[in-house]
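Residue-level listing of the chains:
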Amino acid sequence: MSRGLDPSELHGLKCLNCRTLINYEVFRQAVGADWIEHKMAELAEGLAQELHKKDRVENQKKLDEQLHDCGVCLEQFLIGDMVTFDCNHRFCKACSDGNIRGQLGEGKYKV
Ligand SMILES: [Zn+2]
Ligand SMILES: [Zn+2]
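Everything in this summary refers to the structure shown in the same document.

The rules behind each value
- Position labels on residues start from 1 in each chain and follow its written sequence.
- Chains carry letters from A onward and ligands carry numbers from 1 onward, assigned in written order.
- For a predicted model such as this one, the threshold for reporting local features is a pLDDT of at least 70, and the threshold for listing and counting side-chain atom pairs is 80 or more; totals across whole chains, interfaces and linings nevertheless cover every residue.
- Working definition: helices are DSSP H or I runs of at least four residues, strands are E runs of at least two. Numbering for both runs from the N terminus.
- Here a residue counts as buried when 20 or more other C-beta atoms fall within 10 Å of its C-beta, as exposed when 12 or fewer do, and as partly exposed in between; the C-beta atoms come from the backbone.
- Two residues form a contact once the distance between their C-beta atoms, set from the backbone, is within 7 Å.
- In these notes, a nonpolar core means any group of buried Ala, Val, Leu, Ile, Met, Phe, Trp, Tyr and Cys residues linked to one another through C-beta atoms within 7 Å.

Attention now goes to the overall build of the protein chain. Within the protein chain one finds five helices and four strands. When the helices and strands of the protein chain are listed from N to C terminus, the series reads α-α-α-α-β-β-β-β-α. Within the protein chain, the fraction of its 111 residues that count as buried is 23%. For the protein chain, restricting intrachain contacts to residue pairs at least 6 apart in sequence, the fraction spanning at least 24 positions comes to 45%.

Turning our attention to unusual backbone geometry. If a residue is not glycine, its phi is most likely negative; likewise, a peptide bond is most likely trans. You will see that Leu 74, though not glycine, has its phi angle at about 65°, which is positive. Looking at where Leu 74 falls in the secondary structure, it is placed in the loop between β1 (67-69) and β2 (76-78).

Moving on, we come to the nonpolar core. Ranked by internal contacts, the top residues of the largest apolar core, which has 19 residues, are Phe 27 and Phe 91. What Phe 27 contacts, discounting residues up to four positions off in sequence, is Leu 10, Leu 13, Ile 22 and Ile 100.

On to helix α2 (residues 24-31). Within the sequence span of α2, burial applies to Val 26, Phe 27, Arg 28, Ala 30 and Val 31. Following α2 by one or two positions, Gly 32 has its phi on the positive side, about 95°.

Okay, the environment of Val 83 next. Turning to its location among the elements, Val 83 is positioned in strand β3 (residues 82-84). The class for Val 83 is buried, based on 27 C-beta atoms found within 10 Å.

Before going further, it helps to spend a moment on the environment of Leu 67. Assignment of secondary structure puts Leu 67 in strand β1. Taking the C-alpha atoms as reference points, Leu 67 and Met 82, 15 residues apart in sequence, are found 9.9 Å from one another. Every residue in contact with Leu 67, bar those within four places of it in the chain, is listed here: Gln 76, Phe 77 and Leu 78.

All we've got here are geometric facts, nothing functional implied.
Here it is, written out as structure tokens:
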């Protein structure tokens, strides 16, 4: 039986650049809700409900049209295609996704 991912493990996830720990919401943006649901259904269920309430109203309006550099691949993206970390670093979804999954993978499978 898999017990899913412990929330404390989530809190070990870090920004790609500055190692600031990220929260679940950033994590969810980075890897995608579908992936979380698939991989960690139990955990996602509890936290996703919590997030649903305060979700997406705030940030949507202002930054929509601007381009931002991804801190990893240095290409430019619209804000909608990026993930903003708690430390205000931004990365494109591909870079965020890959890195966060990598961090999870390391934590999970390392002996
Ligand atoms: Zn950072
Ligand atoms: Zn990138």
